[in-house]
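Structure at a glance
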Amino acid sequence: MSQDPLTEVTHQLVKHFAIYPVATNASCVMRYGELIRFHNENLLEGGDVSIAASNINWECFCQRHGLKMRMDIEQLLTDEKAKEDMLEQSKQWIFPLQSITKLRKERYGLHFHRAPIIANVLNSIITNGENYGKHKGPAGDGAVLPRSIHLSLNNRFLNEDKHNSKELHKFRAKQLYLILGRLLEYSKWRVVQEDDVTDDTLRVSVDCNNVPRRPSDSQEDKKMVRLVCGPVLEPTTKTATSMTSGDYMALRSNDMLLIAMHRHGVRDCVKGKNFESLMHRLGHAAVIVDLFEVRHSTGATVVRSGLGSSKGANYILYNSARLETLLRTFQAQVDLGVYECLPPLDEIDLSVLEDELDWQLIYGYLLTFPKLVETTLAQVEQGLCGVHLLVRYIVDLASLFSRYYRHKRILVQQRTNLMPVLYARIYLVKAVRQVLNSALALLGIEPVDYM
């Protein structure tokens, strides 16, 4: 069973307006287009989720998926009674609705009751830890196994010449292979080795775009889905770069050092003890972000002399370090007796997290992480993997937490009336750190403790 509650909410929304035939598996309906949109910004004005108001949109969707509309009307939710009925029925949903508002462009904005979602998300993340968002496999002897997938890396372009094994476009392909493998660990796919491949197994080979199929390729090779990795280009000439992965890693490590020193400074304790490790992490993170902030099938551009994106990785890891520093400082204050130990989550007053910024973090990003991972693999059978969506998610999450940090005082003074706020926000910080670290781990990026 999936750990993605948004999928269940979506099915409940659709079922309110349409009827699934008995033979239809609701979980197979994946794409809703403009019919249903989950939002992660402007939630107060645009709703947590919005739906199309025109019956035409719903009829087209139903025809594509073999569903039938419950009512033959031109517009949905045209009167107050229809809205009240939907609000009443939603009390049986995983997350009940609080209000429905009419938006422009023939859409309705739906707002959820916040308390159930906040409790669900924080409890899921704190309880599951690094397993948050991972698909749970079938249980029981009679359970049907999910479809298998076999992932391979085309060795002919990696091993043809020992001296060319560090070419940057080949390094990019290798990283894509590793990232896809990690994503599959979260998914419903059952990864198998070569000896366990069957006729039903999806065979996926990660390849470079400049490696054509050869006439000698076997029929099995021709049946494989090729996940093609695009070239790595110079920023001015837009031609393939001649840089090796090692050279580029060193260049980006130096760039990250200069940015860190200029904007934030480098702590003396870090420079003395863990300087080389920090620079390696920063450089590796910068390279990964550079190579995968665009679709893997398109050309990525190296960063030279400030040309191109140069702050994404630094910005992400700076906020990663900020999360660690907040939690480390809180624990130090507990050890000194300034704060009491963090109470269990079920004793926390989570109502203090219903403010707009808290809600955007929880609903717009923490709740959606499992769905995001699922979305990156939605087109793997067509030879596509949405790694760029994961990079964008990480950048946006770091940016939102930075804004949250500027507007919210987390480590408040030791006053009885402020302790509920402190404890709730510490749990939120722990949840953000867990999701950010999990997302970074999918890219093969290590978080940092200081910066």
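Described below are features of the structure shown in this document. Quantities reported herein were computed from a predicted structural model and do not represent experimental measurements. (Residues numbered from 1 in each chain as written. Predicted model: local features only at pLDDT ≥ 70, side-chain atom pairs only at ≥ 80, totals over all residues. Heavy atoms only, no water.)

Comments concerning the overall build of the protein
For the protein, the helix and strand inventory stands at 16 helices and 12 strands. Relative to its 451 residues, the protein shows a buried fraction of 49%. When contacts within the protein are restricted to residue pairs at least 6 apart in sequence, those whose partners lie at least 24 apart make up 74%. Taken as a whole, the protein presents about 22,600 Å² of accessible surface, with 49% of it coming from carbon and sulfur. (Helix = DSSP H or I, 4+ residues; strand = E, 2+ residues; numbered from the N terminus. Buried < 20%, exposed > 50% of the residue type's maximum accessible area, 1.4 Å probe, protein only. Contact = heavy atoms within 4.5 Å. Areas by Shrake-Rupley, 256 points an atom, 1.4 Å probe, with all protein chains shown as cover.)

What to know about the packing of aromatic side chains
Overall, the coordinates contain 10 aromatic pairs when judged by the stated rule. Geometrically, the ring pair formed by Phe-112 and Tyr-363 is tilted, given 6.1 Å between the ring centres and 45 degrees between the ring planes. Here Phe-112 is found in strand β6 (residues 107–112), whereas its partner Tyr-363 is found in helix α13 (residues 356–366), with 251 residues between them in sequence. On the basis of relative accessible area, Tyr-363 is assigned to the buried category, the value being 1%. Seen in terms of ring centroids, Tyr-186 and Phe-369 are 6.1 Å apart; in terms of plane orientation they differ by 90 degrees. Their pairing is edge-to-face. (Phe/Tyr/Trp six-rings, centres within 6.5 Å; stacked < 30°, edge-to-face > 60°.)

Brief notes about the sheet that holds strand β10 (residues 225–229)
Reading across from one edge, β8-β7-β9-β10 is the order of the 4 strands in this open sheet, with parallel pairing throughout. Every interior strand has two partners, whereas the edge strands, β8 (190–191) and β10, have only one. Sheet topology note: the strand β7 (residues 148–153)/β8 ladder contains 2 bridges and is parallel. By the bridge assignment, Ser-148 is partnered in β8 with Arg-190. Running at roughly 160 degrees to β7, helix α7 (residues 168–186) makes contact with β7, β8, β9 (202–208) and β10 of the sheet. (Pairing = 2+ DSSP bridges. Axes fitted to C-alpha atoms, helices over the stretch in contact; angles between N-to-C directions.)

Describing the pattern of salt bridges
In this structure the tally under the stated criterion is 18 salt bridges. Two residues, Glu-80 and Lys-83, come together in a salt bridge whose shortest N-O distance is 3.7 Å. Of this pair, Glu-80 and Lys-83 both sit in helix α4 (residues 80–89), 3 residues apart, roughly one helical turn. For Lys-83, a relative accessible area of 14% corresponds to the buried category. Of the charged contacts, one joins Arg-203 and Glu-194 as a salt bridge, the two residues approaching to 3.5 Å between their closest N and O atoms. A relative accessible area of 14% means that Arg-203 is categorised as buried. (Salt bridge = Lys/Arg side-chain N within 4 Å of Asp/Glu carboxyl O.)

What about the environment of Glu-446?
Secondary-structure assignment places Glu-446 in the segment after α16 (419–443). Glu-446 gets classed as partly exposed once you look at its relative accessible area, which sits at 45%. The sequence separation of Glu-446 and His-280 amounts to 166 residues, and the corresponding C-alpha distance is 9.9 Å. Excluding its chain neighbours within four sequence positions, the residues that come into contact with Glu-446 are Arg-281 and Leu-317.

Side note on the pairing of β6
Burial analysis of β6 places 6 of its 6 residues in the buried class, which makes it a mostly covered element. Across the two faces of β6 the burial is the same, with Arg-107, Gly-109 and His-111 and Tyr-108, Leu-110 and Phe-112 all buried. With 4 bridges joining them, strand β3 (residues 49–52) and β6 adopt antiparallel strand pairing. Counted as the bridge partner of Val-49 is Leu-110 from β6.

Some thoughts on helix α14 (residues 369–376)
Taken together, the buried positions of α14 are Phe-369, Pro-370, Leu-372, Val-373 and Thr-376. The buried residues of α14 occupy an angular sector of 160 degrees when projected down its axis, which confines them to one face. Contact partners of the buried residues in α14: α7, α13, α15 (387–407) and α16. (Arc of directions from axis to C-beta.)

Quick look at unusual backbone geometry
One non-glycine residue, Asn-42, lies in the positive phi region at around 50 degrees. Along the chain, Asn-42 turns up in the loop between β2 (36–38) and α2 (43–46). Phi is positive for Lys-238, close to 60 degrees, though the residue is something other than glycine. Locating Lys-238 in the fold gives a position in the loop between β11 (232–233) and α9 (245–264).

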